[in-house]
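Examination of the molecular architecture
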Amino acid sequence: MLMEKERSADFLSLPFVTSFFEKKEDRSLPPFQSFAEPENVDSEAKPVADAEEAFETQFSNNAAEAARALSTSDDKSSHGIDPDGSKWWKETGVEQRPDGVVCKWTVIRGVSADGSVEFEDKYWEASDRFDHKELGSEKSGRDARGNVWREYWKESMWQDFTSGLMHMEKSADKWGKNGNGEQWQEKWWEQYDSSGKAEKSADKWCSLDPNTPLDIGHAHVWHERWGETYDGSGGSVKYTDKWAERSEGDGWSKWGDKWDEHFDPNGHGVKQGETWWEGKYGDRWNRTWGEGHNGSGWVHKYGRSSSGEHWDTHEPQETWYERYPHFGFRHCFENSVQLLSVPRQPPKNFKPGK
């Protein structure tokens, strides 16, 4: 029996700039899912984590902010002082790209009253005479404590005139570094089309000074990558790769966990993964596992470890996997209110009022 898998908690969330700079008491990695016993690493549905919905909410907030900034770009004021004493300067402009896309932009630069914080915010919207629309912003700044940050995001839509399909894409890139040299970065990318196809990926990492004292089991560096691809017909591919690194004076110890799954529209596919550890002197350990699903109602489970574990069984079990994205083209379209509101460019030789 084939059952659709509820979206699982296969990704982590990185702290935003303020929490990263101010909350460093918890430097541990979240637990890896495959450290469970092999027989428990199967295809059962996991609890839903709405980190993706939080990401979409953040995108909507960014879009609303960009729309507000661009709506005031025609104001005559090019500089000013806010009630808190901070000073700001504004520039606006319109540019035409070689491909015919017209971009309207606003740049706001500012400094706090005491001069301890400097920032620059850029906002833009772009469109052509057809169906290309774009909305985005880029922010950066620094302060007297040595904190530096930048944040970029963009959403766009266009139509493929060969297939007639509408496409929507979202991307984001955040990076921060504090005065102690601690850094983090998070990248997201999503693309959808009106046929139901979807691709999503994320790449995140965080690092501390290697000389920072840590409790046992905590890491100085950690990484995570994950991705999903849906063919629109019920087939999908998913993967997650997480690993951590800990400085131990004269070397580094590392450990990680990764898994992937590949299913066709008929529910036939494979799930597989690996948990591993590497000591600072090159000693290693790993455990691999796999599941074969063929729609028969039986699942082939197999695996082994470098410490001598081995299993190869067939068990009666339903097949669970995510056939369609939790957040798809329709959701993306309905959530992109400000992007849809970006005006299309008038036809060539168009004269207002005629």
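All values reported here derive from a predicted model rather than from experimental measurement.

Remarks on the overall build of the protein chain
Helices and strands together make up the secondary structure of the protein chain, namely 4 helices and 18 strands. When burial is assessed residue by residue, the protein chain has 42% of its 354 residues classed as buried. Looking at the protein chain alone, contacts between residues at least 24 apart form 50% of all its contacts between residues at least 6 apart. As displayed, the protein chain has an accessible area near 18,700 Å², and 51% of this comes from carbon and sulfur atoms.

Looking at the pairing of strand 6 (residues 133-143)
Counting buried residues along strand 6, 8 of its 11 residues qualify, which places the element largely inside the surrounding structure. In this antiparallel pair of consecutive strands, strand 5 (residues 117-127) and strand 6, the connection spans 5 residues. Examined bridge by bridge, strand 6 and strand 7 (residues 148-159) share 10 bridges and lie antiparallel to one another. Within the sheet, the bridge partner assigned to S137 lies in strand 7 and is W153.

Looking at the pattern of salt bridges
For the structure shown, the criterion picks out 19 salt bridges. The closest approach of N and O atoms between E134 and R97, which form a salt bridge, is 3.2 Å. Taken as a pair, E134 in strand 6 and R97 in the loop between strand 3 (87-96) and strand 4 (102-111) lie far apart in primary sequence, 37 residues in all. A relative accessible area of 6% places E134 in the buried class. Looking at R97, the relative accessible area reads 27%, which means it is partly exposed. Notably, a salt bridge pairs E334 with R330, separated by 3.5 Å at the nearest N-O pair. One end of the pair is E334 and the other is R330, both in helix 3 (residues 329-335) and 4 residues apart, which spans about a single turn. Here the residues in one salt-bridge network are E91, R109, E120 and K122, joined through shared partners.

Some details on the side chain of K170
Residue position: K170 is located in strand 8 (residues 166-177). Excluding residues within four positions of it along the chain, K170 makes contact with E56, F59, K154, E155, W188, W189, E190, C332 and S336.

Re the nonpolar core
Ranked by internal contacts, the top residues of the largest apolar core, which has 23 residues, are L135, W153, A172 and W188. Those elements that place two or more of their residues in this core are helix 2 (51-71), strand 7, strand 8, strand 9 (183-193), strand 10 (198-207) and strand 11 (221-230). It is helix 2 that provides the largest number of residues to this core, a total of 6 residues. Counting residues in hydrophobic clusters, the runner-up holds 6 residues, among them W184, C206, W222 and A244.

Cut-offs and rules
- Position numbers for residues start from 1 in each chain and track the written sequence from start to end.
- Totals for whole chains, interfaces and linings use every residue, but because this is a predicted model, local features are given only for residues with pLDDT of at least 70 and side-chain atom pairs only at 80 or more, for both listing and counting.
- Note that the side-chain values use all heavy atoms of the structure and ignore hydrogens as well as water.
- Under the DSSP-based scheme used, a helix requires at least four consecutive residues in state H or I and a strand at least two consecutive residues in state E, with every element numbered from the N terminus.
- Throughout this description, buried means an accessible area under 20% of the type-specific maximum (1.4 Å probe, protein chains only), exposed means over 50%, and partly exposed covers the range between.
- Working rule for contacts: check all heavy atoms of both residues, and any pair within 4.5 Å makes them a contact.
- Here the accessible surface of atoms and residues is derived via Shrake-Rupley with a 1.4 Å probe, and residues count as covered only by protein chains that are part of the display.
- Pairing between two strands requires that DSSP report at least two bridges joining them.
- Salt bridges are counted wherever a side-chain nitrogen of Lys or Arg sits within 4 Å of a carboxyl oxygen of Asp or Glu.
- In plain words, nonpolar cores are sets of buried Ala, Val, Leu, Ile, Met, Phe, Trp, Tyr and Cys residues tied together by side-chain atoms within 4.5 Å.

So far we have only geometry, and geometry alone does not tell us how the molecule works.
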